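# Commentary on secondary and tertiary structure
Each chain, letter by letter, is given below.
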Amino acid sequence: NPADPESWQEFDYVYHFFWGLEDNVRVFMNMWDAVQTNKSVGALWPNDSDGNAWSSDVGMPPALAEAGYRLTDPGRYQNLTDDFSAQINAFKQAQAEILVGIPIPPDFTTFWTQAAQQGFHPKVVNVAKASEFPQAMAALGERADGLSVEVWWSPHHPFGSSFTGQSSAELAAAYEAETGNPWTMPLGFKHSLFEVAIDALQRSEDPTDPDSIAAALAATSLDTVVGNINFANGPVPNVAKTPLVGGQWHVENGRPVLKIVENSQHPDIPLTGEMKPIG
């Protein structure tokens, strides 16, 4: 029960580090506040675990209401929907100048194409998941310009690897040189999983004993390429929070470039651009 700390129990072997939905909501609204809008928000939330969490009573609606935003939620849709006319009409009727959602990439491509055809032109579009990867943005061409998203990790994060010594920028550059592909946000987190595992194994009294490894994990306080990992600090047992900032895709020379445009919760992560309205 999230509302009853007395009921919380620690897992024996499960440890998790990432950011929380509450951080994402705060980052998104901070980006919205940087653009002059009518505070009318349209929600594009699918009928899956992500969409149901975002749309729930512990998700985005209460935070939007408290901040004075007016939400239009046409309800959950099924993934791989091929017609978003009902949602687009609802957003147009509400004069929504902000779109928020967590669609899968093919659904957002379908929605964004139909939005243009049907005359829906929001000033701000925050779609988690669908706009996290440069490959998906490149496929949209100029239509990617101005789309915004939460940023978990980037070459601009001022952190380094605990076992290779690489900075975030060096890790991203090495990946691009080796693969020929652009860096992506999961790169830093996949790397940091090995950092935490190696650190715990090195500190465990017996690296062949599960209880010993779990005890070492519980005592983790490690500076990694995604920031400090410390499971003792919470916010709940066995969980460590990592920084989250806001980014916006700017199309430069025909290529989508992710700029850091919002860092109010973590000013140590530098801004690399300014939030701008779409269009």
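Refer to the structure printed above.
Residues numbered from 1 in each chain as written. Predicted model: local features only at pLDDT ≥ 70, side-chain atom pairs only at ≥ 80, totals over all residues. Heavy atoms only, no water.

### Observations regarding the overall build of the chain
Of the regular secondary structure elements, the chain holds 9 helices and 11 strands. Seen along its three principal axes, the alpha-carbon backbone of the chain occupies a region of about 65 × 50 × 35 Å. Taking all 279 residues of the chain together, the buried fraction comes to 48%. Within the chain, contacts between residues at least 6 apart in sequence are counted, and of these 68% link residues at least 24 apart. Carbon and sulfur atoms make up 52% of the accessible area of the chain, which totals about 13200 Å². Separation between the mean location of the 14 positive side-chain charges and that of the 34 negative ones in the chain comes to 12 Å. (Helix = DSSP H or I, 4+ residues; strand = E, 2+ residues; numbered from the N terminus. Buried < 20%, exposed > 50% of the residue type's maximum accessible area, 1.4 Å probe, protein only. Contact = heavy atoms within 4.5 Å. Areas by Shrake-Rupley, 256 points an atom, 1.4 Å probe, with all protein chains shown as cover. Lys, Arg positive; Asp, Glu negative; His and termini not counted. Charge placed at Lys NZ, Arg CZ, Asp CG, Glu CD.)

### Description of the layout of surface pockets
Put simply, the largest pocket is a space of about 480 Å³. In terms of lining residues, the largest pocket is bounded by 21 residues, among which H16, W19, G20, L21 and E22 are the most central. At the level of elements, β1 (16–18), α1 (21–33), α2 (49–54) and β9 (239–241) are the ones that each hand at least two residues to the lining of the largest pocket. Each residue belonging to the lining of the largest pocket can be placed in one class, and the counts come to 12 nonpolar, 3 polar and 6 charged. (1 Å grid on protein atoms, 1.4 Å probe; cavity = no way out; pocket = protein on both sides within 12 Å on 5 of 7 lines; lining within 4 Å. Points joined across faces, edges and corners; volume = space filled by probe spheres on them. Nonpolar A, V, L, I, M, F, W, Y, C, P; charged D, E, K, R; others polar.)

### Focus on the environment of W32
Examined against the element boundaries, W32 turns out to sit in helix α1. Since its relative accessible area comes to 1%, W32 is described here as buried. Expressed as a C-alpha distance, the spacing of W32 and A63, which sit 31 residues apart in the sequence, is 13 Å. Apart from residues no more than four positions distant in its own chain, W32 is found in contact with V41, M60, L64, Y69, I98, V100, V124 and N126.

### Looking at the pattern of salt bridges
Enumeration according to the criterion identifies 10 salt bridges in this entry. Residues D23 and R26 are paired through a salt bridge, measuring 3.6 Å at the closest nitrogen-oxygen approach. With D23 and R26 both in helix α1, this residue pair falls 3 residues apart, about one helical turn. Given the relative accessible area of 9%, D23 is considered buried. (Salt bridge = Lys/Arg side-chain N within 4 Å of Asp/Glu carboxyl O.)

### Topic: the packing of aromatic side chains
Enumeration over the complete set of coordinates arrives at 16 aromatic pairs. Relative to Y69, the ring of W32 lies with its centre 5.1 Å away and its plane at 75°, an arrangement referred to as edge-to-face. Here W32 is found in helix α1, whereas its partner Y69 is found in the loop between α3 (60–66) and β3 (70–72), with 37 residues between them in sequence. According to the relative accessible area criterion, Y69 is buried, its value standing at 7%. The ring centre of Y69 lies 4.7 Å from the NZ or CZ of K39, which sits over that ring. Above the plane of the ring of W112 lies R143, whose end atom (NZ or CZ) is 4.0 Å from the centre. (Phe/Tyr/Trp six-rings, centres within 6.5 Å; stacked < 30°, edge-to-face > 60°. Lys NZ or Arg CZ within 6 Å of the ring centre and 35° of its normal.)

### Describing the side chain of N24
The topology assignment puts N24 in helix α1. Judged by its relative accessible area of 0%, N24 is buried. Other than its neighbours up to four places away in sequence, N24 contacts W19, W54, A128, E150 and L244.

### A look at unusual backbone geometry
The residue after G234, namely P235, is reached through a cis peptide bond having omega 25°. Here P235 shows up in the loop between β8 (227–230) and β9. A positive phi angle, near 65°, is found at K39, a position not held by glycine. Structurally, K39 is set in the loop between α1 and β2 (40–44). Given a relative accessible area of 31%, K39 falls into the partly exposed group. A positive phi angle, near 75°, is found at N238, a position not held by glycine. Tracing the backbone through its elements, the reader meets N238 in the loop between β8 and β9. On the basis of relative accessible area, N238 is assigned to the buried category, the value being 4%.

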